[in-house]
Structures are given as structure tokens and as C-alpha cells.
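# Close look at the chain arrangement
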Amino acid sequence: NDAKAVTQLLTDSGFEVSTAADLSQSQMREKVSEFAGKVAAKGADTVALVFYAGHGLQIDGENYLVPIDIDVKREADIPLQAVRLNDVLNTLASVPSRMRILMLDACRNNPFPELKSAGSGLAIVDARIGAPGTFLSFSTSPGAVAEDGTGSNSPYTTALLAAGKESGIPIEETFKRVRLAVNKVTDGRQTPWDSSSLTEDFRFSGASVAGPKPAAAARKSVAEWTRDLKGKPVEAANEIIVADGTDEAYEAFAGLYAQTPLGKLARDWLDRHIRMVAWNQAVIINTAAGYRAFLGKFPNNDLTSTARKLEERL
């Protein structure tokens, strides 16, 4: 349902859309390869976009998309039978294009509960580390699990369908609205997350503005956020920090509204985000000392057994 609805959104936005459902591992890889070929044929001014709805999980700090023919008996089966997210990104980056947009409605519950060492949700993917001109959107924050929702579409896709139809809105504002809508409809339990290395403007509806993107404003300190949020109703303050998405905003909010349900969810988000950033750094460094340092800071969490395993392996 989600893929069909987004297909219509993208078609209405002027994209030439290739849709494929219920794919095996070989079919998924084949479709990604075919899509890269279409992008290459269109030329370097093409905007390439991938939307994926389904299951995803992280193993040893790597994110994998789950095909329908997977038959998992142990953790080591995942890299062999699933499709590595970085392989999809690398395939898209290998052909010249104006920009690459990847939207993942894939951070749902782990479909293999017997894999005790698989981390919750998906690991961070930082678009700034890869090729410039990339925008990544995840249906929830790193390390968290997304909800399926009660309607025909997930909360993330529902919000995307609404925000994507707004005319003349830059992509960053589109996904800011997605964050706010999903956070609100799930009562703060789920907050989409994105990462960008875009150097140009993009809009789903209405003409994109030519030329470089405007520079980002300087981040405010925790003290500045505390001053600006103080005295505001908790729901209004929550909308402000979700739209901003920085650690400093969440820290100030969690301190001011510590006794409220939204304040506690903000503290959970912040603690998890700090842990997932540290995990990402440990995976990139990939040394025994790096995993040992991670365990020293975060000794008891869903990544503990994986960190210990990788420390011992190295």
C-alpha cells in the first residue's frame, strides 16, 4: 500500500517511476541495477529517488533490506541473504546524477526475534560522509522502531503523502513537516530522521530554485534553547524541538519538561541518538579499542552483545 501510494505521489510530481513489489534478493539487486542503468541513460542532470517500504535491520552496524525469500537460521545468514543498504547507495552514487534521494519506511520491528544480537531499528547513515548531493530519510530515528499504523498506510508514508503535495516547499521543509506529523500522530513515540549532503534545492511540487542552497543557520546552545522554550505549553515546545531536531533542543526540552510524557520521550530520543552516534563512530573506526570505548560509555543496551563480539573478533 505504501509503495503504491508513493508511486502515485512521484508520478504526479513528474517522476518516471519504476515499481516492484515482493522481491527476492536476486530480484531486488536486479531492480536496483536496472534503475541505475535508467539513471545513467537519463544523464547527469537527473534526480534519482528510491522509496522502500518493508523490513530492515542492522547487523554489526550495517543496515540490510529484507527480501521475501530470506530464510534466516543465524545472524550470519543476514549478510548473505539480505541486501546491504550501502550497496544500494553505492550503486546510485556510481552513476552521474544531479542528486540522490532515498526514503526508507523500513525501521519496523525485527522480523527475526531469535536473532538476539541484532540491534534495534537501523544504524545511522550519515549522508555527509558519502557522495555530495544525497538526501536520506528514515521513518524513525536511528536505533528506534517505526509503527505500522492502523490505516492503509504507515504514519510515515501518510505524512509524506501530505507534505509532498505541498507546492513550492524545499525538501528539507517537506521532511520537517513529516517529522512533526509522525511525532504528533504517534504521541511522540516515533520521530522520522534525515541526513543531507544536498548542495542544490529540490521540491516535490513546484519548480526547484536554481543555484546553491542557502547556508544553514548557526546551532543554538542548550542555554539559548532553555531560554526560548521556557514558559511555552509542552505541546508547542515539543513541536519546536522536533522541527529543529538538534541534540541541544532536545536537551533543553527534556530538562524543562522532565516530568511530562513528552519530556520523557525526548530524553529517550536524546539518549538513544547519542548512543547511536557513538556506535556509528565505533563501527567506522572498527578497532577493538573503539568497541571497548563504546562499551565503557554504554555498557547495557541492545548493542552490547554485538560490540563485545566485534571487540573479541578484532
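Quick notes on the rules
Residues numbered from 1 in each chain as written. Predicted model: local features only at pLDDT ≥ 70, side-chain atom pairs only at ≥ 80, totals over all residues. Heavy atoms only, no water. Helix = DSSP H or I, 4+ residues; strand = E, 2+ residues; numbered from the N terminus. Contact = heavy atoms within 4.5 Å. Buried < 20%, exposed > 50% of the residue type's maximum accessible area, 1.4 Å probe, protein only. Pairing = 2+ DSSP bridges. Axes fitted to C-alpha atoms, helices over the stretch in contact; angles between N-to-C directions. Phe/Tyr/Trp six-rings, centres within 6.5 Å; stacked < 30°, edge-to-face > 60°. Lys NZ or Arg CZ within 6 Å of the ring centre and 35° of its normal. pLDDT = per-residue confidence, 0-100. Salt bridge = Lys/Arg side-chain N within 4 Å of Asp/Glu carboxyl O. Expected span 1.5 Å × (residues − 1). Parallel < 35°, antiparallel > 145°, perpendicular 65-115°, else oblique. Left-handed = near helix turned anticlockwise from the far one by under 90°. Nonpolar A, V, L, I, M, F, W, Y, C, P; charged D, E, K, R; others polar.

Quick look at the side chain of arginine 275 now. Tracing the sequence through the fold places arginine 275 in helix 10 (residues 261–285). With residues up to four places along the chain from it excluded, the contact list for arginine 275 reads Phe294, Phe298, Asn301 and Asp302.

Let us look at the environment of glycine 168. Summarising the element assignment, glycine 168 is placed in the loop between helix 5 (155–164) and helix 6 (171–185). Setting aside residues no more than four positions away along its own chain, glycine 168 makes contact with Arg203, Ser205 and Gly206.

Attention now moves to unusual backbone geometry. Even without glycine at this site, aspartate 22 takes up a positive phi of about 55°. For aspartate 22, a relative accessible area of 61% corresponds to the exposed category. The phi dihedral of asparagine 286 falls on the positive side, at around 55°, and the residue is not glycine. Looking at the secondary structure, you find asparagine 286 in the loop between helix 10 and helix 11 (288–297). Note on asparagine 286: relative accessible area 39%, which makes it partly exposed.

Here we take up the sheet that holds strand 6 (residues 134–138). In space, the four strands of this open sheet follow the order 1-5-6-7, with mixed pairing throughout. Across the chains shown, the open sheet's two edge strands, defined by having one partner strand only, are strand 1 (47–53) and strand 7 (193–196). Strand-to-strand, the axes of this sheet are offset by a mean angle of 10°, without reference to chain direction. As paired strands, strand 6 and strand 7 are joined by four bridges and run antiparallel to one another. Directly across from serine 137, in strand 7, lies its bridge partner aspartate 194.

On to the packing of aromatic side chains. Each aromatic ring pair is characterised by the separation of its centres together with the angle its planes make. Enumeration over the complete set of coordinates arrives at 10 aromatic pairs. Between tryptophan 279 and phenylalanine 294 the ring centres are 5.2 Å apart and the planes differ by 55°, which places this aromatic pair in the tilted class. Highlighted residues: tryptophan 279 in helix 10 and phenylalanine 294 in helix 11, separated in sequence by 15 residues. Residue classification places tryptophan 279 among the buried residues on the basis of a relative accessible area of 1%. Accessibility expressed as a relative area gives 3% for phenylalanine 294, which makes it buried. Counting every residue linked through ring pairs, the aromatic cluster contains Phe15, Phe135, Phe175, Phe202 and Phe204. In this arrangement the basic side chain of lysine 220 is found over the ring face of tryptophan 225, its NZ or CZ atom lying 3.9 Å from the centre.

The subject of this paragraph is the confidence of the model for the protein chain. Mean pLDDT for the protein chain: 93, with 96% of residues reaching 70 or above. Within the protein chain, strand 2 (residues 56–59) has the poorest average pLDDT of any element, 91, and helix 9 (residues 247–256) the best, 98.

What follows concerns the pattern of salt bridges. A complete count under the given rule lists 24 salt bridges for this structure. Across the pair aspartate 126 and arginine 128 runs a salt bridge whose closest N-O atoms are separated by 3.0 Å. Residues arginine 275 and aspartate 302 are paired through a salt bridge, measuring 3.9 Å at the closest nitrogen-oxygen approach. Residue arginine 275 is found in helix 10, and its partner aspartate 302 is found in the loop between helix 11 and helix 12 (304–313); the two are separated by 27 residues along the sequence. A relative accessible area of 16% places arginine 275 in the buried class. Classification of aspartate 302 as partly exposed rests on a relative accessible area of 27%. The structure contains a network of salt bridges with shared partners spanning Asp60, Glu75, Lys309 and Arg313.

A word on helix 6. In this model, helix 6 (15 residues) spans 21 Å end to end at C-alpha, consistent with the 21 Å of a helix rising 1.5 Å per residue. Looking one or two residues past helix 6, aspartate 187 carries a phi angle of roughly 55°, positive in sign.

Turning our attention to the environment of aspartate 228. Among the secondary structure elements, aspartate 228 is positioned in helix 7 (residues 222–229). Along the primary structure aspartate 228 and alanine 5 are separated by 223 residues, whereas in three dimensions their C-alpha atoms are 39 Å apart.

Here we come to the pairing of strand 3 (residues 62–65). Sheet analysis places strand 2 next to strand 3, joined by four bridges and oriented antiparallel. Bridging from a neighbouring strand, glutamine 58 pairs with asparagine 63 of strand 3. Counted along the chain from strand 2 to the antiparallel partner strand 3, the turn is two residues long, and its residue aspartate 60 has a positive phi close to 55°. Two elements, strand 3 and strand 4 (residues 83–84), share two bridges in a ladder whose sense is antiparallel. Each bridged residue has a counterpart across the sheet, and for tyrosine 64 the counterpart in strand 4 is arginine 84.

It is at 8 Å that the axes of helix 7 and helix 9 come closest, and there the two elements cross at 50°. With respect to helix 9, the element helix 7 is oriented oblique. In terms of crossing hand, the pair formed by helix 7 and helix 9 is right-handed. From helix 7, Val222, Trp225, Thr226 and Leu229 reach across to helix 9, where they touch Glu248, Ala249, Glu251, Ala252, Phe253 and Leu256. Partitioned by chemical class, the residues of the contact of helix 7 with helix 9 number seven nonpolar, one polar and two charged.

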